[in-house]
Amino acid sequence: MTIYLVDIEQVTHTCPAYPDAHPFDIRRTLVDVIPGGPCRASVTIRCGDTTAVIPCRRHEPAKRQCGACRAIVTERTITTRHLTEVRG
């Protein structure tokens, strides 16, 4: 499994149309990637007389991918600030 470690920072605000605080700016920062290794269930693709072997992550849905090709996104930190805090 390839694991992606992400930090999320979101800025919220309120407006007349929707008085509850809601995010309008969300930024995700990729902090670390732990690779899962080479594909263990390669897929052969054919088009006419041309064939290619590709990793299963490029062809199969997530539930049919091998363990090395599956991706997991882990949120390390989630920071929420209101617009009044951002202006200073």
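Residues numbered from 1 in each chain as written. Predicted model: local features only at pLDDT ≥ 70, side-chain atom pairs only at ≥ 80, totals over all residues. Heavy atoms only, no water.

Novice: Which residues make up the sheet that holds strand β2 (residues 18–34), and what are the values?
Specialist: Taken in spatial order, the 3 strands line up as β2-β1-β5 in an open sheet, and their pairing is mixed. With one partner strand each, in any of the chains shown, β2 and β5 (71–82) form the two edges of the open sheet. The average angle at which neighbouring strand axes cross in this sheet is 25°, direction not considered. Inspection of the sheet shows strand β1 (residues 2–15) paired to β5 by 11 bridges, in the parallel sense. From the neighbouring strand, Asp7 faces β5, where its bridge partner is Thr77. (Pairing = 2+ DSSP bridges. Helix = DSSP H or I, 4+ residues; strand = E, 2+ residues; numbered from the N terminus. Axes fitted to C-alpha atoms, helices over the stretch in contact; angles between N-to-C directions.)

Novice: A description of the environment of Cys39 should follow, citing residues and the corresponding values.
Specialist: With respect to the helices, strands and loops of the structure, Cys39 is situated in the loop between β2 and β3 (43–47). Sequence separation between Cys39 and Cys15 is 24 residues; the distance between their C-alpha atoms is 48 Å. With sequence-adjacent residues up to four places away left out, Cys39 is seen in contact with Pro55, Cys56, Cys66 and Cys69. (Contact = heavy atoms within 4.5 Å.)

Novice: Please give an account of the pairing of β3 that cites residues and values.
Specialist: Pairing of β3 with strand β4 (residues 50–54), which is carried by 5 bridges, proceeds in the antiparallel orientation. Counterpart to Arg46 in the pairing with β4 is Thr51. In this structure, the hairpin formed by β3 and β4 is closed by a connection of 2 residues, where Gly48 is found at a positive phi of approximately 65°.

Novice: Can you break down the pattern of salt bridges residue by residue, with the values?
Specialist: Within the structure shown, the criterion is met by 4 salt bridges. Between Arg27 and Asp25 there is a salt bridge, with its nearest N and O atoms 3.1 Å apart. You can call Asp25 partly exposed: its relative accessible area is 23%. (Salt bridge = Lys/Arg side-chain N within 4 Å of Asp/Glu carboxyl O. Buried < 20%, exposed > 50% of the residue type's maximum accessible area, 1.4 Å probe, protein only.)

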